[in-house]
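In case you want the letters, here they are:
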Amino acid sequence: MILIHYLCMGIFSGKRFFVYGNGTSGKSAKRAIKKRGGTVTVHYDKDGAFTAPPEREYEFAVISPGIKKDHPVYSYCSSHGIETIGEAELGFMLSDKPIVGVTGTNGKTTVTRLASKMLKCTACGNIGYPITSAIDGKDKVLCCELSSFQLDGAKRITPHVAVITNVAPDHIDYHGSFEAYCRAKCNIAASMTENDYLVLGDDVTVGALSHLDTKARLIRCSADKVVDGAYVYRGNFWFMGERICSLDYLKLKGAHNIKNALCAIAAAILAGADNRDIALALSDTSPEPHRIEYVGTACGKVWIDDSKSTNISSAVAAVECVSGPMCLIVGGRNKGLDFDGLFSAFIERGLHKKIECVIAMGESAKALSESGKKFGVDVVSAKKLSDAVDFAADSTAYTVLLSPACASFDEFNGYEKRGEAFRAAVEAKAGKQ
């Protein structure tokens, strides 16, 4: 409660913080604290090892997202009586503006981008622009993407409107179990009040909400039935019995993007957007880079970059969107996922009929191949992405889809680099024709 008092007063004078992590969020937290009179020391792992800050009296530590709870910095803070918070929590606590918070396994970036356009406000958080930087802008409301890392264990995330787009297995290597991952996602609503709203996406299952404990009013979304919230009816988007606009306004393609649009519409209306701005945003939002993005043609095939797909459910959604017969490139670094779920989903949804071949690359190639065999799917193994592109070029498929269902960190420093390498390899193939 002492921290909340000082934050409400807007005074950090005489207070010492240390920020652990010198990335974008750490630097932003440092600026926000110094702007409010606090003293800040920045620390980070050196040569992969924990480095304790100088022996001083620190009241608070701002720890960057992605640093696991078993990291020595947490035990250090506990033994020294230092309260730990995340940069996102600091942003929420410093903000005097209502915030729309968006989380989910897939679609959270799309929903954040759509909702921020509908509300004509800044998109921040896990989308790349720290909340502690956005709070000083002129927007009357903020729209914030929140990852499971930012939400895990947070006690002061207090959105006026929260969105959970969907929940499917992801980041098991970080959280330890799917149950712990679900708990982190549900934590977005733990501190909400009776005056707040929690929007639940079409694919949020009852099981995923077993850890949900909130006072917020629940708002539903559905693409195929009328619900108490946002829904599709007779070719139009609706909210609480009011027609918003035609589905034709939505520029983003695919059934998953209709569900994303419903989440954004509900959140934006609850935060004050009008129908005109909603329709304009739907018609003015282009696909995200590396998310089912057309690359070009080469070797008689259409090539699609879905490098942003880093889990099973997003890869399944991509296959649903793309025309076959296709050659599917998967693989990379596994995040603790069971690949049996990938192939079983293909068969359950009939998607295996348009997948002509599967190429598995990188660290997870062996595990993917073993899972494929269980379901009668032959998987070709490739050491790296360039080899996978070569194999795909020699296939008889009409479309080549890169949708890895894995992280990129075995070969690349982020999914963006993986997608860029894929595009460069395809363009090189096209240039040789």
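Up top is the structure these notes are about.
This section reports on the structure supplied with the text. Computed from a predicted model, the values in this text were never measured in an experiment.

Comments concerning helix H5 (residues 108-119)
Here is step 1 of the chain: The first and last C-alpha atoms of H5 sit 16 Å apart over 12 residues, in line with the 16 Å expected at 1.5 Å per residue.
Here is step 2 of the chain: Taking burial as the measure, the 12 residues of H5 include 10 buried ones, the bulk of the element.
Here is step 3 of the chain: Along H5, the residues classified as buried are Lys-108, Thr-109, Thr-110, Val-111, Thr-112, Leu-114, Ala-115, Ser-116, Met-118 and Leu-119.
Here is step 4 of the chain: Trailing H5 by a residue or two, Lys-120 shows a phi angle of about 55°, which is positive.

Concerning the packing of aromatic side chains
Here a ring pair, both rings aromatic, is described through the centre-centre distance and the interplanar angle of the planes.
Here is step 1 of the chain: Per the stated rule, a full pass over the model turns up 13 aromatic pairs.
Here is step 2 of the chain: With a centroid separation of 5.3 Å and 75° between ring planes, the pair formed by Phe-18 and Tyr-58 is classed as edge-to-face. Highlighted residues: Phe-18 in strand S1 (residues 16-20) and Tyr-58 in the loop between strand S2 (39-43) and strand S3 (60-63), separated in sequence by 40 residues. Assigned by exposure class, Phe-18 and Tyr-58 land together as buried.
Here is step 3 of the chain: Summarising the aromatic geometry, the rings of Tyr-20 and Phe-50 are spaced 5.6 Å apart at their centres and angled 40° between planes, so their arrangement reads as tilted. Linking Tyr-20 in strand S1 with Phe-50 in the loop between S2 and S3, this pair joins segments that are 30 residues apart in sequence.
Here is step 4 of the chain: Residue classification places Phe-50 among the partly exposed residues on the basis of a relative accessible area of 27%.
Here is step 5 of the chain: A network of ring pairs unites the aromatic residues Phe-18, Tyr-20, Phe-50, Tyr-58 and Tyr-76 as a single cluster.

Digging into the environment of Thr-112
Here is step 1 of the chain: Tracing the sequence through the fold places Thr-112 in helix H5.
Here is step 2 of the chain: Thr-112 sits in the buried class, given a relative accessible area of 0%.
Here is step 3 of the chain: Along the backbone, Thr-112 and Ala-397 are 285 residues apart, and their C-alpha atoms lie at a distance of 35 Å.
Here is step 4 of the chain: Beyond its immediate chain neighbours, meaning those up to four positions away, Thr-112 contacts Val-102, Ala-123, Ile-127, Cys-143, Cys-144 and Glu-145.

What about the packing of helix H12 (residues 312-321) against helix H13 (residues 340-348)?
Here is step 1 of the chain: Across the interface, H12 lies against H13 with an axial gap of 9 Å and an inter-helix angle of 30°. As the angle between them shows, H12 and H13 are arranged roughly parallel. With respect to the hand of their crossing, H12 and H13 are arranged in right-handed fashion. For the pair formed by H12 and H13, the contact residues are Ile-312, Ala-315, Val-316 and Val-319 on the first element and Gly-341, Leu-342, Ala-345 and Phe-346 on the second.

Topic: the nonpolar core
Here is step 1 of the chain: Within the largest apolar cluster, 40 residues are counted, with the highest numbers of intra-cluster contacts made by Ile-33, Val-62, Leu-90, Ile-131, Leu-146 and Ile-164.
Here is step 2 of the chain: The element best represented in this core is helix H4 (residues 87-94), accounting for four residues.
Here is step 3 of the chain: Aside from chain neighbours lying at most four places away, what touches Ile-131 is Glu-87, Ala-88, Gly-91, Phe-92, Cys-124, Gly-125, Cys-144 and Leu-146.
Here is step 4 of the chain: Listed in part, the 37 residues of the second largest apolar core include Cys-221, Phe-239, Ile-244 and Leu-252.

Things to note about the packing of helix H15 (residues 385-393) against helix H16 (residues 415-432)
Here is step 1 of the chain: Interhelical geometry of H15 versus H16 gives an angle of 40° and a closest axis separation of 10 Å. In terms of orientation, H15 lies oblique with respect to H16. Helix-helix and strand crossings are classified by hand; for H15 and H16 the assignment is right-handed. Each of Leu-385, Val-389, Asp-390 and Ala-393 in H15 lies in contact with H16, whose residues at this interface are Arg-418, Ala-421, Phe-422, Ala-425 and Lys-429.
Here is step 2 of the chain: Taken together, the residues of the contact of H15 with H16 break down into six nonpolar, no polar and three charged.

Looking at the state of the cysteines
Here is step 1 of the chain: Applying the stated rule across the entire model yields zero disulfides.
Here is step 2 of the chain: Looking at the unpaired Cys-144, the closest cysteine sulfur is the one in Cys-124, lying at 4.5 Å.
Here is step 3 of the chain: Classification of Cys-144 as buried rests on a relative accessible area of 0%.

Here's the deal with the pairing of strand S12 (residues 236-239)
Here is step 1 of the chain: Burial along S12 is two-sided: Asn-236 and Trp-238 facing one way and Phe-237 and Phe-239 facing the other are all buried.
Here is step 2 of the chain: Here strand S11 (residues 229-233) pairs with S12 via four bridges, running antiparallel. Directly across from Ala-230, in S12, lies its bridge partner Phe-239.
Here is step 3 of the chain: Counting the residues in the hairpin turn of S11 and S12 gives two residues, including Arg-234, whose phi is positive at 50°.
Here is step 4 of the chain: Taking the residues that link successive antiparallel strands as the turn, the S12-strand S13 (residues 242-246) hairpin has two residues, and the phi of Met-240 there is positive, at about 50°.

Some points on H4
Spacing of three or four residues puts side chains on the same side of an α-helix, whose turn is 3.6 residues.
Here is step 1 of the chain: H4 sits mainly inside the fold: eight of its eight residues count as buried.
Here is step 2 of the chain: Among all positions in H4, only Glu-87, Ala-88, Glu-89, Leu-90, Gly-91, Phe-92, Met-93 and Leu-94 are buried.

Let's talk about the environment of Asn-334
Here is step 1 of the chain: Take Asn-334: it is sitting in the loop between strand S16 (326-331) and H13.
Here is step 2 of the chain: Not counting the four nearest positions on each side in its chain, Asn-334 is found in contact with Asp-173, Phe-339, Ser-364 and Cys-406.
Here is step 3 of the chain: A distance of 3.3 Å separates the side chain of Asn-334 from the backbone nitrogen of Gly-336, its partner in a polar contact.
Here is step 4 of the chain: Among the polar contacts made by the side chain of Asn-334, one reaches the main-chain amide nitrogen of Leu-337 at a distance of 3.0 Å.

As for the pairing of strand S9 (residues 197-203)
Here is step 1 of the chain: Direction of pairing for strand S8 (residues 161-166) relative to S9: parallel, over a ladder of five bridges. The residue of S9 that forms the bridge with Ile-164 is Leu-200.

Scoring rules and cut-offs
- Residues numbered from 1 in each chain as written.
- Predicted model: local features only at pLDDT ≥ 70, side-chain atom pairs only at ≥ 80, totals over all residues.
- Heavy atoms only, no water.
- Helix = DSSP H or I, 4+ residues; strand = E, 2+ residues; numbered from the N terminus.
- Expected span 1.5 Å × (residues − 1).
- Buried < 20%, exposed > 50% of the residue type's maximum accessible area, 1.4 Å probe, protein only.
- Phe/Tyr/Trp six-rings, centres within 6.5 Å; stacked < 30°, edge-to-face > 60°.
- Contact = heavy atoms within 4.5 Å.
- Axes fitted to C-alpha atoms, helices over the stretch in contact; angles between N-to-C directions.
- Parallel < 35°, antiparallel > 145°, perpendicular 65-115°, else oblique.
- Left-handed = near helix turned anticlockwise from the far one by under 90°.
- Core = buried A, V, L, I, M, F, W, Y, C linked by side-chain atoms within 4.5 Å.
- Nonpolar A, V, L, I, M, F, W, Y, C, P; charged D, E, K, R; others polar.
- Disulfide = S-S within 2.5 Å.
- Pairing = 2+ DSSP bridges.
- Polar contact = N/O pair within 3.5 Å; in protein donor to acceptor, adjacent residues only side chain to side chain.

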